[in-house]
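Listed below, chain by chain, are the residues.
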Amino acid sequence: MTSSTTPSSEELLAALDDDQRAVAQTLTGPLCVLAGAGTGKTRAITYRIAHGVHAGVYSPTTVLAVTFTARAAGEMRSRLRDLGVGGVQARTFHAAALRQLSYFWPAAIGGGLPRIQEHKAPLVAEASSRLGLGVDRVSIRDLAAEIEWAKVSLVTAEDYVARAVAAGREEAAGQDRATVSRLLEIYEDVKTERGVIDFEDVLLLMVGILEEREDVAAEVRRQYRHFVVDEYQDVSPLQQRLLDLWLGGRKELCVVGDVSQTIYSFTGATPHFLTDFPRRFPGAEVVRLVRDYRSTPQVVSLANSVLERAGRHRSSAAVRLVAQRPSGPAVRFEAFDDDVAEAAGVAARIAALEKSGVPRNEIAVLYRTNGQAEAIEQALAQADIGYLVRGGERFFSRREVREAVVLLRGAARTMADHPMPDAVRDVLAGMGWAPEPPAARGAVRERWESLQALVALADEIAAARGADLAGLVAELEERAGAQHAPTVSGVTLASLHAAKGLEWDAVFLVGVSEGLLPISLAEGEDAVAEERRLLYVGVTRAREHLMLSYARARTVGGRASRKPSRFLDGLWPEEGAARRRPAARAPRRDRLAELTETDPEGAALVERLRAWRGQVATAIGKPPYTVLHDTTLAAIAEAKPKDLRQLGILRGVGAAKLEAYGPAVLAVVRGEDVVVEPPGA
Ligand code: ATP
Ligand code: MG
C-alpha cells in the first residue's frame, strides 16, 4: 500500500488471488460465484465494489449490496470505507426494503407507514382464539413460524394446503392444514384491524408497490443499477421476488454463495436460485473459488471429509476446499461423561487457550439448539470467563426459565419438606416438563430443553451440596445475577445458524452426538442433509483451533447412551483412543482432591473457610454457596492471598464480595479466629 490511505485499483486487485481477481474485474453482466467456506467470497465482492468505483464503472450510490445479517452489512460498509469507498448501500433485504417502503409509502399508499409488529404471538393468539383453537403459548410460537414460512415462500391461504403437502411441512402445532390455512387468513384480518404490519409484510408490501406502481419501480431502478447478494444459497422466494423487481429485467447482478452452507431451508430459503442462476441468466460468468484462506489444513481437511461423506446428498455444485494457511494444531475430539463435564472441559480448554494468548473475542462455542447454551453459560460463569450470547436469549432471560424460577420460589415455601429434586420435577411438570423429550420440533422442544436444564441443575446441586428448594432458588437467583452482568470482551456463544459467515481463531463445537446433531427430530433425508451442512458451517468457522465434543450421558451419573454424530463416522477417533486422554472432571472436585494431596495446609484452610462461611450464611439467612462458592474457597486456599488486591483477582471474588467479605477472608487466611456478627448487631 502507498502512503495514501486510499488504495489504488492495482493495490486492491493485488490483495486478491487470480480467481478472486476475476470476480473483482467482472464489473458488469450477471456473475455467479460458487465457492466454499472461507474462500474469500465476501472479500471478493467487497473488493469488486471498491474496484468498480475506483475504475469509474460504478457510482457508489447506485450499488446495492445485500448481506444476510445487519452485522455483515455493517462490516461490509466499514470494509468499503477502508478501501476508500463510501456511500455504497450495504443492507439486509429487510433493511433495504424497509427504507424504500418508508420512503414511498406516503405517495404510494398515503399516510404514515403502519407500526411493524415485531412479535407475531399476540396476533396469532387472537387469530387462534377466533378460530376456537385451544392452543397454548408454545403452539402459538409454532403456528407463528408456520405463518412466516408461508409468507416468505409466497404461499397464500388459498394454496397453503397443497403447497404445505408438497413441501413436506409437518402439521404445525398438531393442527390440520385446512385449519392453518384458515388461520393464515384470520391472522391477516387481525393485523389489518389493529393497523399493524409484520416483518414479512415489509417485503411483501414493497413487492406489491413495485408490481403496481410503474413510477415507483422506475425511480428505484434509476437509483440502483448494480446489485450484489452475499449468502445467496439461503435466499427465500419472497426475497428473490423483490430482487427481480429491483432488477426489472436488467442483468447487473452478482450473487455469491455456497450450496454446502444452505442451513435455512426449513424457514423457506432455497439454494435453487443459486444453482439455477446460469439457466436464468444465460451467458452468466460463473467463477468457482476453492482456496481456503481462513482455516488451517487440519480444519479444512475435516470440513472436506464431512461433506464428502454426504454421499448422494453432496451437491454437484459443492467444492473441495484447498487450504492455503500454514499447518496448525490438530483438531481435537473429546468425549465427556455428561453435559456438565463437557461444559467444564470446554471452559478449561478456553482458559488454557487464553493463557496461550488467544483473546476471548476470538473464541466461540457453537451448538445446535439454544437449550445447549445453559450448561456452557454456567461453566463459563463459574470459571469467570466472560461471554456473549449471539442470536439467542441468555438462559436466565428466557421466558420459561423466568416463570419456572417464580414457581420454584413459591414452592420453596409450600413444599419445603419434599426432597428437592422431586419437588422441582413436580413444579416443572406443571409447566409441561416430562422426563422424555417431546416429539415435536421447534418451540415445544426448546421449552422442554430449558426446563430439562433446570431439572439437571437441581439434581446436580442436590448431589453436590444436599441443598433444599430454597437453596436451589437462591442459587438460581445468584446465577441469573452473575450471568446478566454485561460483558465487554467475551467468548461468543452462538447457535450454528447464527454463526454463518463469521470466523474465530478458536471454535468449540459442542454436543456433536446423535440426537443433537443431527437433531433427533430431523426426519427424512433432506432434514438430515441440512444437519450435516450445519456441521460443515460450524467446522469452517475456525481459523486455527477446533475442538469437537459430546457428552456420553445427558446428566451426571446418567446412562452413557449417546454416540458421536453419524456425520463423523470414520472421523471420530476410536472410543478407546479418545478415552485415553484425561477426561475433564468437574473442576470443583478436581481442585479439592488435588489440594488435599499436594497442599494439606491449603486443605485445612478450606475447612476453616467453610466453617466461617457457614457462620456468615446462618447470620444472613442464605445458603453457604451464595456467600462464596466451593471453587472460590479452593482458589483462596491455594493462593493464600495476603491483601485485598491478591484476593480480588481470584475467580469468583467480585467487587461486591471483596467489600462484604474481603477483610474477614484475609483474617481467616492469616489463621485468626473470626467471629461473625449477625446483621444489625
Ligand atoms: P463464508 O463462506 O464463511 O462466508 P467467505 O468465502 O465469505 O466465507 P471470507 O470471509 O471473505 O470468506 O474470507 C475468509 C477469510 O480469508 C477472511 O479472513 C479473509 O480476509 C481471508 N482471505 C480471503 N481471501 C484472501 C486472500 N486472497 N489473501 C489473504 N486473505 C484472504
Ligand atoms: Mg462470507
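Keep in mind it's a predicted model, so treat the numbers as computed, not measured. Counting starts from 1 at the beginning of each chain's written sequence and moves along it residue by residue. Chains and ligands are labelled sequentially in the order written, the chains with letters from A and the ligands with numbers from 1. Restriction of local features to residues with pLDDT of at least 70 applies here, the model being predicted, together with a cutoff of 80 or more for giving and counting side-chain atom pairs; totals for whole chains, interfaces and linings are based on all residues. Side-chain measures were taken over the full set of non-hydrogen atoms in the model, leaving aside hydrogen atoms and water.

Enquirer: Would you mind going over the overall build of the protein in detail, with residue names and values included?
Expert: Only DSSP runs of H or I with at least four residues qualify as helices, and only runs of E with at least two residues qualify as strands; both kinds are numbered from the N terminus onward. The secondary structure content of the protein amounts to 28 helices and 16 strands. The globule rule puts the C-alpha radius of gyration for 681 residues at 26 Å, and the 28 Å found for the protein is close to it. When checking whether two residues touch, look at their non-hydrogen atoms; a contact exists if any pair is within 4.5 Å. Counting contacts in the protein only where the partners sit at least 6 residues apart, residues at least 24 apart contribute 78% of the total. The convention is simple: Lys and Arg are positive, Asp and Glu are negative, and His and the chain ends are not counted. In this description, the location of a charge corresponds to atom NZ of lysine, CZ of arginine, CG of aspartate or CD of glutamate. Taking the 85 positively charged and 90 negatively charged side chains of the protein as two groups, their mean positions are separated by 3 Å. Atoms counted for the radius of gyration: C-alpha only. Globule rule: 2.2 Å times residue count to the power 0.38.

Enquirer: Before we move on, could you go through the sheet that holds strand 3 (residues 89-92) and cite the residues and values that matter?
Expert: Strand order in the open sheet made by the 6 strands is 3-2-6-7-1-8, with parallel pairing throughout. A strand with exactly one partner marks an edge of an open sheet, and here the two such strands are strand 3 and strand 8 (285-289). Each strand of the sheet is rotated relative to its neighbour by a mean of 15°, with strand direction disregarded. In this structure, strand 6 (residues 226-229) lies alongside strand 7 (residues 253-257), joined through 3 bridges in parallel fashion. Bridge pairing links Phe 227 to Leu 253 in strand 7. Note on definitions: angles span 0 to 180 degrees between N-to-C directions of axes, and those axes are lines fitted to C-alpha atoms, for helices only across the stretch in contact. Contacting strand 2 (63-67), strand 6 and strand 7, helix 12 (residues 237-247) runs over the sheet at an angle of about 160° to strand 6. Two strands make a pair as long as DSSP finds a minimum of two bridges between them.

Enquirer: A description of the site of ligand 1 should follow, citing residues and the corresponding values.
Expert: Nearness is defined per residue: one heavy atom within 4 Å of the molecule or strand is enough. In the neighbourhood of ligand 1, 18 residues make up the surrounding shell, with Lys 41, Thr 42, Gln 261, Glu 503 and Arg 541 lying closest. In protein, a polar contact means a hydrogen-donor-capable atom and an acceptor-capable atom, both N or O and within 3.5 Å, with residues adjacent in sequence counting only if both atoms are side-chain atoms; elsewhere, any N or O pair within 3.5 Å suffices. Arg 43 places a main-chain nitrogen or oxygen 2.9 Å from an oxygen atom of ligand 1. Within the side chain of Arg 541, a nitrogen or oxygen atom sits 2.7 Å from an oxygen atom of ligand 1. Method for areas: the Shrake-Rupley scheme with a 1.4 Å probe, in which residue coverage is limited to the protein chains shown. About the coverage of ligand 1: the protein hides 82% of its 640 Å² of free accessible area. Broken down by element, the shell around ligand 1 gets its largest block of residues, 3 residues, from helix 3 (residues 41-54). Split by domain, the shell around ligand 1 shows at least three residues from each of two domains, domain 1 (3-98 + 204-289) and domain 3 (298-393 + 490-580). Domain start and stop points were drawn from an automatic or database domain assignment.

Enquirer: Describe in detail the side chain of Asn 304, supporting the description with residues and values.
Expert: Mapped onto the elements of the fold, Asn 304 is located in helix 15 (residues 297-308). Once residues lying within four places of it in the same chain are set aside, the contact partners of Asn 304 are Val 319, Arg 320 and Leu 321.

Enquirer: So what about the pattern of salt bridges? Which residues, and what values?
Expert: When a carboxyl oxygen of Asp or Glu lies within 4 Å of a side-chain nitrogen of Lys or Arg, that pair is called a salt bridge. For the structure shown, the criterion picks out 39 salt bridges. Between Glu 334 and Arg 332 there is a salt bridge, with its nearest N and O atoms 3.2 Å apart. Think of it in three bands: with a 1.4 Å probe and only protein chains considered, a residue is buried below 20% of the maximum accessible area for its type, exposed above 50%, and partly exposed in between. Taking the relative accessible area as the measure of exposure, Glu 334 reaches 8% and is therefore buried. Classification of Arg 332 by relative accessible area gives partly exposed; the value is 28%. Residue Arg 409 pairs with Glu 477 through a salt bridge whose shortest N-O separation is 2.7 Å. Remark: Glu 477 occurs in helix 21 (residues 469-484) and Arg 409 occurs in helix 18 (residues 399-414); sequence separation between them is 68 residues.

Enquirer: Tell me about the pairing of strand 12 (residues 363-367), and please be specific about residues and values.
Expert: A large share of strand 12 lies buried, amounting to 5 of its 5 residues. Of the two faces of strand 12, the one carrying Ile 363, Val 365 and Tyr 367 and the one carrying Ala 364 and Leu 366 are both buried. The pairing of strand 12 with strand 15 (residues 504-509) spans 4 bridges and is classified as parallel. What sits directly across from Leu 366, in strand 15, is Leu 509. Bridge analysis of strand 12 against strand 14 (residues 491-495) gives 4 bridges, and the strand direction is parallel. Each residue of the ladder has a partner; that of Ala 364, found in strand 14, is Thr 492.

Enquirer: Provide a residue-level description of unusual backbone geometry, including the pertinent values.
Expert: Of note, the amide linkage connecting Leu 517 to Pro 518 takes the cis form, showing an omega dihedral of 0°. Here Pro 518 is to be found in the loop between strand 15 and helix 22 (525-539). A positive phi is found at Leu 154, a non-glycine position, where the angle reads about 60°. In this fold, Leu 154 is placed in the loop between helix 7 (137-152) and helix 8 (160-166).

Enquirer: Report on the nonpolar core, specifying residues and quantitative values.
Expert: Phe 93, Leu 210, Tyr 232, Leu 242, Leu 243, Trp 246 and Leu 253 are the most contacted members of the largest nonpolar core, which has 40 residues in total. Residue contributions to this core peak at 7 residues, all from helix 5 (residues 93-108). Excluding residues within four positions of it along the chain, Leu 242 makes contact with Phe 93, Ala 97, Leu 203, Met 206, Val 207 and Leu 210. What makes a nonpolar core is a set of buried Ala, Val, Leu, Ile, Met, Phe, Trp, Tyr and Cys residues whose side-chain atoms join them at distances within 4.5 Å.

Enquirer: Before we move on, could you go through the packing of aromatic side chains and cite the residues and values that matter?
Expert: To pair, rings of Phe, Tyr and Trp, with the six-membered ring standing in for Trp, must have centres within 6.5 Å; the planes then decide the type, stacked if under 30 degrees apart, edge-to-face if over 60, and tilted in the middle. Counted under the stated rule, the structure contains 12 aromatic pairs. Ring plane angle 45° and centroid distance 5.3 Å describe the contact between Phe 68 and Tyr 264, whose orientation is recorded as tilted. Here the residue Phe 68 occupies a position in the loop between strand 2 and helix 4 (70-82), and Tyr 264 occupies one in the loop between strand 7 and helix 13 (272-275), the gap between them amounting to 196 residues. Its relative accessible area of 28% is what places Phe 68 among the partly exposed residues. Pairwise contacts between aromatic rings join Phe 93, Tyr 224, Phe 227 and Trp 246 into one cluster. Two conditions define a charge sitting above a ring: the NZ of Lys or the CZ of Arg must be within 6 Å of the ring centre, and it must be within 35 degrees of the ring normal. The positively charged end of Lys 500 is found above the aromatic ring belonging to Phe 68, 4.0 Å away from the centroid.

Enquirer: I'd love a proper account of the environment of Leu 628, names of residues and values included.
Expert: For Leu 628, the location among the structural elements is in the loop between helix 25 (600-620) and helix 26 (630-639). Under the relative-accessibility criterion, Leu 628 is labelled buried at 3%. When the C-alpha atoms of Leu 628 and Arg 610 are compared, they prove to be 9.2 Å apart, with 18 residues separating the residues in sequence. If sequence neighbours within four positions are ignored, Leu 628 has contacts with Trp 612, Arg 613, Leu 633, Ile 636, Gly 652, Lys 657 and Val 665.

Enquirer: I'd like a description of the side chain of Arg 541, backed by residues and values.
Expert: Positionally, Arg 541 belongs in the loop between helix 22 and strand 16 (542-553). At 6.1 Å, Glu 231 is the nearest oppositely charged side chain to Arg 541, a buried residue that forms no salt bridge. Reaching out from Arg 541, the side chain makes a polar contact with the backbone oxygen of Leu 502 at a distance of 2.8 Å. Once residues within four sequence positions are removed from consideration, Arg 541 is found in contact with Ala 37, Gln 261, Arg 294, Leu 366, Ala 499, Lys 500, Gly 501, Leu 502, Glu 503, Trp 504 and Val 507.

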